[in-house]
Amino acid sequence: MPNLPPARGQSPGEVWSRAARCHSCSPPSACSPCPAPSEKSRAARCHSYSLPPACSPAPREKTAMLPPAAAQPRVEVELPLGAAPFDLEAAVCSHGLFMMAPNRWDPASRALLRPLRLATDRSASLLARVSRHPARPSDALLVSVLGADALSPLDQDCILEQVRRMLRLSEEEGRVVAEFQAMHAAARESGFGRIFRSPTLFEDMVKCILLCNCQWSRTLAMATALCDLQLELKCSSGTRNFQLKTPPIREHKRKRSQNQNVRVKLETKFSELESSEDPRLATAEDSRVIPSNDLTLLETNGNLASLPSVASEAGSACDSFDPSELSMSSSASFEDRIGDFPTPEELANLDEDFLAKRCNLGYRAKRIISLARCIVEGKVCPQNLEEMLKMSLPATEELSTIPSTYERLDKELSTISGFGPFTRANVLMCMGFFHMIPADTETIRHLKKCHKRAITIKSVHMELHNIYGKYAPFQFLAYWFELWGFYDKQFGKISEMDPSKYGLFTASYLKKAASIRQEIRHEPFFLL
């Protein structure tokens, strides 16, 4: 275990916990400084204390236990919510991104846990727990930062800003939610309108790459592997050993079955129609939440073709991925099992072949490392991209500003290797553009099943406009409310699922979802 100096505000006696967990991340790039403290964060009250031994929860089966509470100093910061109605559960459990590591939703306590970075020490991150404020649940959230005796105002603001981004708590985003809910009564009644995202745009961009061309269980496994790798990198002497000890990956030619040949033709057809840069648009597993690899979705020569699952790389550890691997046991805490999401600086120095093999990323490794290096070298600046978004006027006040800003950002993203139309549309959705619906085979499946439309690859965008155009400029929110509600009915309430069951979100389970609803519902466990 590496020797770590005391963190700011941390006594030498507490270094053991920081070294054991090693939750940290690399220094920030020049284009991503932490924002200056805002008036809202200055108004947030901060409480620092250590819980007495009597408050330590007793171990129980299927319980993810932190170290004894007496050894866990924490800082609690209040995050005011403002006047707009807010539902933490609805804001978090609103998109498949919330299921991806290092995010962890606790269905028992209705709290979100994940590591977040500090402003004063960007080489380290601390586990944060976001929950409803016990005394003022309608007015504020309570953000508990574990492992710290105190936080500077700058650190507090940095943590709160990351939480605001994940939950879309800015005034502008609150206005968007209110205007969409005014159009959509069902969404207003359920509290739907905020789509969960990551604390940073870079993490969103990488996860949008992970969503493409694979089964959902593998997407989860890749995100977890990246966080595990981040932990390994921080607990090692550096990245050189990882690069030198890993032999290059050799591509293996695989025989194709007749179904696989059909699949390639469909991918080619879709890519010719949409973009020669991003053939993933046509793949059956290129979906945001439930890959439709086992459903009959695409038409070719007038017949429906059933598309098989994509085979993962030869020798991959994820070929036989078991969703139960994501579960946490009582013998290991959440902190000890997973690291933070890696930063551009951590990924930029890795060997592409090593990353592909270590995290089972396949072709995605090259694209992710290319993105990381572009950010480190200053060719791509996520902060500048988000600043371009702020320059646009409110969506409903002047619709003409949406295409111009959207098109400028879309053009910027198109210069990044591997960012085709579907990936870009998802990234732009994460940034706050809801007038465009990223269309994939799951979209076609949904329109065929729920709207009884005779959808083809060529007509999908026209049908989306016909169905959801009345909700402009929030077509995606209307579509996603409908699709996410469909998942909720098929699999049971998503926010109540045990995280170890997230890997069951596959199309193959749709047909038998009714019989497994009880299985995928959580058994109570406690994180704190």
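A brief look at the structure comes next. The shown structure was predicted, so the numbers you read here are calculated from the model rather than taken from an experiment.

**Some remarks on the overall build of the protein**
A count of helical and extended segments in the protein gives 21 helices and 8 strands. By the burial criterion, 56% of the 528 residues in the protein qualify as buried. When contacts within the protein are restricted to residue pairs at least 6 apart in sequence, those whose partners lie at least 24 apart make up 72%. Of the roughly 22,300 Å² of accessible surface on the protein, 52% is carried by carbon and sulfur atoms.

**Brief notes about the environment of G191**
Position of G191 among the secondary structure elements: in the loop between helix 6 (185–190) and helix 7 (201–210). In this structure the C-alpha to C-alpha distance between G191 and A90, which are 101 residues apart in sequence, comes to 6.3 Å. Setting aside its immediate chain neighbours within four residues, G191 contacts A90 and Q181.

**Quick notes on the packing of aromatic side chains**
Applying the stated rule across the entire model yields 13 aromatic pairs. Between W484 and Y487, the ring centres sit 6.1 Å apart and the planes meet at 75°, which makes this aromatic pair edge-to-face. Residue W484 and its partner Y487 are both found in helix 20 (residues 475–491); the two are separated by 3 residues, about one turn of the helix. Here W484 and Y487 have matching classes, each one buried. Connected via pairs of aromatic rings, a cluster forms that spans F434, Y468, F476, Y479, W480, W484, F486 and Y487.

**Structural notes on the nonpolar core**
Nonpolar side chains in soluble globular proteins generally cluster together in the buried interior. Core analysis: the biggest nonpolar cluster contains 114 residues, and F98, L167 and L355 have the highest contact counts within it. Tallying contributions element by element places helix 20 first for this core, with 10 residues. Contacts of L167, omitting those with residues within four sequence positions, involve F86, L88, A91, V92, V130, L141, R194 and F196.

**Some thoughts on the environment of D106**
Checked against the element boundaries, D106 lands in strand 3 (residues 104–106). Overall, D106 belongs to the buried group, its relative accessible area being 1%. Linking D106 and P499, residues 393 residues apart in sequence, is a C-alpha distance of 7.9 Å. Within the local environment of D106, its side chain forms a polar contact with the backbone nitrogen of A108, the two atoms lying 3.0 Å apart.

**Considering helix 7**
Of all the 10 residues making up helix 7, 10 are buried; the element is thus mostly covered by neighbouring parts of the structure. Among the residues of helix 7, those classed as buried are L201, F202, E203, D204, M205, V206, K207, C208, I209 and L210.

**Considerations on the pairing of strand 4 (residues 111–117)**
Buried residues dominate strand 4, accounting for 7 of its 7 residues. Side chains A111, L113, P115 and R117 project from strand 4 onto one buried face, and the interleaved L112, R114 and L116 project onto a second face that is buried too. Bridging between strand 3 and strand 4 involves 3 bridges; their strand directions are antiparallel. Each residue of the ladder has a partner; that of R104, found in strand 4, is L113. Between strand 3 and the antiparallel strand that follows it, strand 4, lie 4 residues; R110 among them carries a positive phi value of about 55°. Alignment of strand 4 against strand 5 (residues 125–132), held across 6 bridges, turns out to be antiparallel. When the sheet's bridge partners are listed, L116 is paired in strand 5 with L126.

**Focus on the side chain of H184**
Inspection of the secondary structure puts H184 in the loop between helix 5 (171–183) and helix 6. Among the residues examined, H184 registers a relative accessible area of 10% and is labelled buried. A polar contact is formed between the side chain of H184 and the backbone nitrogen of A187, at a distance of 3.2 Å. Ignoring anything within four residues of it in the chain, the contact list for H184 reads Y471, A478 and F481.

**Considerations on helix 15 (residues 382–390)**
Of all the residues in helix 15, the buried ones are P382, L385 and M388. For helix 15, the arc enclosing every buried residue in end-on projection is 115°, short of the 170-degree limit, so these residues lie on one face.

**Some words on the pairing of strand 6 (residues 140–146)**
Most of strand 6 sits inside the fold, with 7 of its 7 residues counted as buried. Here strand 6 shows two buried faces, one formed by A140, L142, S144 and L146 and the other by L141, V143 and V145. In this structure, strand 2 (residues 73–80) lies alongside strand 6, joined through 7 bridges in antiparallel fashion. Across the sheet, V77 pairs through a bridge with V143, a residue of strand 6. The pairing of strand 5 with strand 6 spans 5 bridges and is classified as antiparallel.

What counts and what doesn't
Residues numbered from 1 in each chain as written. Predicted model: local features only at pLDDT ≥ 70, side-chain atom pairs only at ≥ 80, totals over all residues. Heavy atoms only, no water. Helix = DSSP H or I, 4+ residues; strand = E, 2+ residues; numbered from the N terminus. Buried < 20%, exposed > 50% of the residue type's maximum accessible area, 1.4 Å probe, protein only. Contact = heavy atoms within 4.5 Å. Areas by Shrake-Rupley, 256 points an atom, 1.4 Å probe, with all protein chains shown as cover. Phe/Tyr/Trp six-rings, centres within 6.5 Å; stacked < 30°, edge-to-face > 60°. Core = buried A, V, L, I, M, F, W, Y, C linked by side-chain atoms within 4.5 Å. Polar contact = N/O pair within 3.5 Å; in protein donor to acceptor, adjacent residues only side chain to side chain. Pairing = 2+ DSSP bridges. Arc of directions from axis to C-beta.

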